[in-house]
Amino acid sequence: MEKFSQSPTAPAFVQDPYPFYDTARRAGDLFWWTDYNIACAVSHKAVSAILRDRRLGRETPAELAGPVPPELAPFYDIEEHSLLEVEPPKHTRLRGLVLRAFTSRRIGELAPDITALSHELIDKFPPPGTAFDLLDAFARPLPVTIICRLLGVPEDRADDLLRWSNAMVAMYQARRTAQIETDAAQASREFTAFLTDYIDQKRQRPGDDLITQLIAAEEDGEKLSTEELISTCILLLNAGHEATVHTLGNGAATLLDHERCDITEACTEEILRFDAPLHMFRRWVYDDITLFGHDFKRGDQIACLLGAANRDPAAYPDPNTFDPARKGPANTSLGAGLHFCVGAPLARLEIRIGLDALFTRCPTLKLAEAPRYADLYHFHGLEKLMVTT
């Protein structure tokens, strides 16, 4: 397996990781990223296959699961019961419960809320000619407010939820430090305390929301523990806005950099493909297997490079060109297989409705300064997006 070195925090890479992916992909479907000391799938074919291969998964093999440092226990206590980090049969039970709320009917019923909220946020934009950050004014508040409404969490706690979420997801970033770990543990404690109290309230006063439905499933004998309930709510709050914030920001910047177009379903998929919000998603190898000509042992890891798969010329002709009418295989931005993003329909709806409202209401929207990406890898999102109307 050919080896390549590239710091994931190097400024040039943070701003544009795609040239490195192109270089690595020329070596084949898999390469060895020396900075991470891990095998990486870089072609669309390999990434799609590995995401669906049940001989790999997210849960750490039992014999490799070492002790958790006490200071990080609050964070990893949540991870232990997270839908994103477990495999069947536990995953099957948790995902089934969550999907009871994420039905196509219920997601479709959120469309008027997403439309109304988009316009409310646009109404608050500063006067024409005044530069402002579109992430703070639009891309961040839209998805966190909608996920709050879906879950039944008070919207006036959105700032706390964003703060806790940002601190926790920083644990997945290449720039992880001791301070990030400390902040994540503290955020985990506060998030858990908030949800413990709120779940108790919901037990006393049920509502028409996901938390109430999960509580009911627990009480009906589904054996969903309080710890699982808290972890599931935190995952949905974190994942329910993180990818959508990045995609709204990246998508708006892309549309501003290209000819504006109708925000159709095809355009939404191209926005997701062209500048994915998540670029790396790891899998543990559970069996001794051979993949794409390379042998792996149980306990090895493979990183699926979603952003690279989406720019593979073997899957998408002229992949570095934004084409809102593009046809081709499904992009990998929201995963695939067992761990395909449970909130994908909601994310797509928010992107399509939100960006359509933005560009319809603000036909003179333009960049006030060049967009810059934040040092977030494995995520890929803007630091800020300064614009004027």
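Placed above this text is the structure.
Let me sum up the structure you'll find in this document. (Residues numbered from 1 in each chain as written. Predicted model: local features only at pLDDT ≥ 70, side-chain atom pairs only at ≥ 80, totals over all residues. Heavy atoms only, no water.)

Observations regarding the sheet that holds strand 1 (residues 3-4)
Argument step 1. Read from one edge to the other, the open sheet built from six strands follows the order 1-2-3-9-6-4, with strand pairing classed as mixed. Every other strand in the sheet has two partners, leaving strand 1 and strand 4 (56-57) as the edge strands with one partner each.
Argument step 2. Bridging between strand 6 (residues 280-285) and strand 9 (residues 301-305) involves five bridges; their strand directions are antiparallel. The residue bridging tryptophan 284 from the neighbouring strand is glutamine 301, located in strand 9.
Argument step 3. The strands touched by helix 3 (residues 44-52) within the sheet are strand 2 (30-33), strand 3 (38-41), strand 4, strand 6 and strand 9, with strand 9 carrying the most contacts at an inclination of about 125°. (Pairing = 2+ DSSP bridges. Helix = DSSP H or I, 4+ residues; strand = E, 2+ residues; numbered from the N terminus. Contact = heavy atoms within 4.5 Å. Axes fitted to C-alpha atoms, helices over the stretch in contact; angles between N-to-C directions.)

What to know about the environment of asparagine 238
Argument step 1. Along the chain, asparagine 238 turns up in helix 13 (residues 226-257).
Argument step 2. The class for asparagine 238 is buried, based on a relative accessible area of 9%.
Argument step 3. For asparagine 238 and proline 329, which are 91 residues apart along the polypeptide, the C-alpha to C-alpha distance reads 28 Å. (Buried < 20%, exposed > 50% of the residue type's maximum accessible area, 1.4 Å probe, protein only.)

A few points about the nonpolar core
Argument step 1. One finds Leu134, Phe191, Leu346, Leu355 and Leu358 to be the most contacted residues of the largest nonpolar core, which totals 86 residues.
Argument step 2. Examining the composition of this core, we find that twelve residues originate from one element, helix 13, more than from any other.
Argument step 3. Not counting the four nearest positions on each side in its chain, leucine 355 is found in contact with Leu248, Gly251, Ala252, Leu255, Ile263, Ile271 and Glu350.
Argument step 4. Ranked by size, the runner-up nonpolar core spans 23 residues in total, among them Phe281, Ile289, Ala309 and Phe379. (Core = buried A, V, L, I, M, F, W, Y, C linked by side-chain atoms within 4.5 Å.)

Some details on the side chain of aspartate 275
Argument step 1. Within the element layout of this structure, aspartate 275 appears in the loop between helix 14 (265-274) and strand 6.
Argument step 2. At a separation of 2.4 Å, a polar atom in the side chain of aspartate 275 contacts the side chain of tyrosine 373.
Argument step 3. Contact partners of aspartate 275, with chain neighbours within four places excluded, come to Tyr18, Asn250, Tyr373 and His380. (Polar contact = N/O pair within 3.5 Å; in protein donor to acceptor, adjacent residues only side chain to side chain.)

Here we look at the packing of aromatic side chains
Two numbers describe a pair of aromatic rings. These are the distance of the centres and the angle of the planes.
Argument step 1. A complete count under the given rule lists 20 aromatic pairs for this structure.
Argument step 2. Measuring from centroid to centroid gives 6.3 Å for phenylalanine 13 and tyrosine 21, while their planes differ by 90°, and the two rings are edge-to-face.
Argument step 3. Among the residues examined, tyrosine 21 registers a relative accessible area of 0% and is labelled buried.
Argument step 4. A centroid spacing of 5.6 Å and a plane angle of 75° characterise the contact between phenylalanine 274 and phenylalanine 322, whose relative ring orientation is edge-to-face. Of this pair, phenylalanine 274 sits in helix 14 while phenylalanine 322 sits in the loop between helix 15 (306-309) and helix 16 (344-361); the two residues are 48 residues apart in sequence, bridging distant segments of the chain.
Argument step 5. A relative accessible area of 10% places phenylalanine 274 in the buried class. (Phe/Tyr/Trp six-rings, centres within 6.5 Å; stacked < 30°, edge-to-face > 60°.)

Topic: the environment of aspartate 156
Argument step 1. Note that aspartate 156 resides in the loop between helix 9 (141-151) and helix 10 (158-169).
Argument step 2. Put simply, aspartate 156 and arginine 205 are 49 residues apart on the chain and 19 Å apart in space, counted from C-alpha to C-alpha.

Some points on the pairing of strand 9
Argument step 1. Here strand 9 lies mainly inside the structure; four of its five residues are buried.
Argument step 2. Summarising the sheet, strand 3 and strand 9 pair through three bridges and their orientation is parallel. Looking at strand 9, one finds that alanine 41 is bridged to cysteine 304.

Details of helix 11 (residues 178-204)
Note that an α-helix has 3.6 residues per turn; residues three or four places apart therefore point the same way.
Argument step 1. An ideal rise of 1.5 Å per residue puts 39 Å on 27 residues; helix 11 measures up with 40 Å between its terminal C-alpha atoms.
Argument step 2. Of all the positions in helix 11, only Ile180, Ala184, Ala185, Ala187, Ser188, Phe191, Phe194, Leu195, Tyr198, Ile199 and Lys202 are classed as buried. (Expected span 1.5 Å × (residues − 1).)

Re the sheet that holds strand 10 (residues 366-367)
Argument step 1. Strand order across the open sheet formed by three strands is 5-13-10, with antiparallel pairing between neighbours. Pairing within the sheet leaves two strands with one partner each, and these edge strands are strand 5 (132-133) and strand 10.
Argument step 2. One ladder, built from two bridges, connects strand 10 with strand 13 (residues 386-388); its direction is antiparallel. When the bridges of strand 13 are listed, lysine 366 appears paired with threonine 388.

What about the packing of helix 10 against helix 11?
Argument step 1. Following both chains from N to C, one finds helix 10 and helix 11 inclined at 140°, their axes separated by 8 Å at the closest point. Taken together, the axes of helix 10 and helix 11 lie oblique to each other. In this structure, helix 10 crosses over helix 11, and the sense of that crossing is left-handed. Of the residues in helix 11, those in contact with Leu161, Arg163, Trp164, Ala167 and Met168 of helix 10 are Ile180, Asp183, Ala184, Ala187, Ser188, Glu190, Phe191 and Phe194.
Argument step 2. Tallied by class, the residues present in the contact of helix 10 with helix 11 amount to nine nonpolar, one polar and three charged. (Parallel < 35°, antiparallel > 145°, perpendicular 65-115°, else oblique. Left-handed = near helix turned anticlockwise from the far one by under 90°. Nonpolar A, V, L, I, M, F, W, Y, C, P; charged D, E, K, R; others polar.)

Everything listed is a geometric property; what it means functionally is a separate question.
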